[in-house]
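# Observations on the model geometry
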Amino acid sequence: MALEGTAPDAVRGQRLPRMQRRAQLLEAAQAVFVEKGYHAAGMEDIAERAGVSKPVLYQHFPGKLELYLALVDKHTASLVELVESALQSTENHKDRTHASIRAFFDFVARDDSAYRIVFESDLNEVAAVRERISWSTDQCVEAISRRIMLDTELPQPIARLVAQGLVGMSQVSARAWLRDQTLPLDVAVTVIGRLAWRGVGGQPARPAASEG
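Residues numbered from 1 in each chain as written. Predicted model: local features only at pLDDT ≥ 70, side-chain atom pairs only at ≥ 80, totals over all residues. Heavy atoms only, no water.

In the annotation of an unreviewed UniProt entry, the protein chain is listed under the name TetR/AcrR family transcriptional regulator and assigned to Nostocoides veronense.

Right, dumping it as structure tokens:
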């Protein structure tokens, strides 16, 4: 969209640093993909939303799929980072369980609807998309299972299964909360956190990780 009082051609002609332009294009692409879905979105729609010509868009991304994959990479990495940061945010085993669940709720609550690209992609038939989304889930499971093994006496196969259950429950619960939103976010996280802690907290704790 052109700035008020500025001719559209002038805005289109503005030169931005490459990384800044790329970020602008990704932001525009995300808005279009969320609004229309991948299949209905066109490169011309994205270029128009970004306020650039199609040749400028193609200078940065050779096609619509490459644009979409860049967004998938960005948001799956962001989700993994949120979960890993949550696991490192406290030394209290119970608080860490709640924090890891909160990471999923915070992710779906973002204003940019990034969760739609990760959890509700309409391009799962494409292997490159499916593999990236599976990677993010696996990374979250691995991070949580490693933490569970540090905090409890559970062997790796059981710790991983518990982590998979926690990730699955967090994803589904967060998306359900977002659709309904009859509960404040903090209350929803507390409810799911209590449910998860009854399972995780019931495992034998290592002496160094005991909450006393």
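So, next bit.
Attention now moves to the overall build of the protein chain. Helix and strand counts for the protein chain come out as ten helices and zero strands. For the protein chain, the N- to C-terminal ordering of α and β elements is α-α-α-α-α-α-α-α-α-α. The burial tally for the protein chain puts 43% of its 212 residues in the buried class. Across the protein chain, the fraction of contacts at a sequence separation of at least 24, relative to all contacts at a separation of at least 6, is 67%. Carbon and sulfur atoms provide 52% of the accessible area of the protein chain, an area that totals close to 11300 Å². (Helix = DSSP H or I, 4+ residues; strand = E, 2+ residues; numbered from the N terminus. Buried < 20%, exposed > 50% of the residue type's maximum accessible area, 1.4 Å probe, protein only. Contact = heavy atoms within 4.5 Å. Areas by Shrake-Rupley, 256 points an atom, 1.4 Å probe, with all protein chains shown as cover.)

It is worth spelling out unusual backbone geometry at this point. Although it is not a glycine, Ser-113 sits at a positive phi angle of roughly 55°. The residue Ser-113 is located in the loop between helix H6 (93-108) and helix H7 (114-119) in this model. Despite not being glycine, Gln-181 has its phi angle at roughly 55°, a positive value. Residue position: Gln-181 is located in the loop between helix H9 (156-180) and helix H10 (185-200). Using a relative accessible area of 45% as the deciding quantity, one classes Gln-181 as partly exposed.

In this structure, Leu-79, Val-83, Phe-104, Phe-105, Phe-119 and Ile-144 are the most contacted members of the largest nonpolar core, which totals 34 residues. Of all elements in the fold, only helix H5 (64-87), H6, H7, helix H8 (127-151), H9 and H10 reach the threshold of two or more residues within this core. Excluding anything up to four places from it in sequence, Val-83 contacts Ala-103, Phe-104, Cys-140 and Ile-144. Core analysis: the next-biggest nonpolar cluster, separate from the first, contains 26 residues, Ala-29, Val-32, Phe-61 and Leu-69 among them. (Core = buried A, V, L, I, M, F, W, Y, C linked by side-chain atoms within 4.5 Å.)

Quick look at the pattern of salt bridges now. For the structure on display, the rule yields twelve salt bridges. The partner of Asp-45 in a salt bridge is Lys-36, and the shortest N-O contact between them spans 3.3 Å. You can call Lys-36 partly exposed: its relative accessible area is 40%. Its salt-bridge partner being Glu-44, residue Lys-54 comes within 3.9 Å of it at the nearest N-O pair. With Lys-54 in helix H4 (residues 54-60) and Glu-44 in helix H3 (residues 43-50), this residue pair connects regions lying ten residues apart in the sequence. (Salt bridge = Lys/Arg side-chain N within 4 Å of Asp/Glu carboxyl O.)

In this approach a probe as big as a water molecule rolls over the atoms, and the regions it shows empty are the leftover space. Counted under the stated rule, the structure contains one cavity of 30 Å³ or more. Each pocket or cavity is described by its volume, and for the largest cavity that value is around 80 Å³. Lining the largest cavity, in full, are Leu-87, His-93, Arg-96, Thr-97, Ser-100, Ile-144, Arg-147, Ile-148, Asp-151, Leu-166 and Val-200. Secondary-structure elements contributing two or more residues to the lining of the largest cavity are H6 and H8. (1 Å grid on protein atoms, 1.4 Å probe; cavity = no way out; pocket = protein on both sides within 12 Å on 5 of 7 lines; lining within 4 Å. Points joined across faces, edges and corners; volume = space filled by probe spheres on them.)

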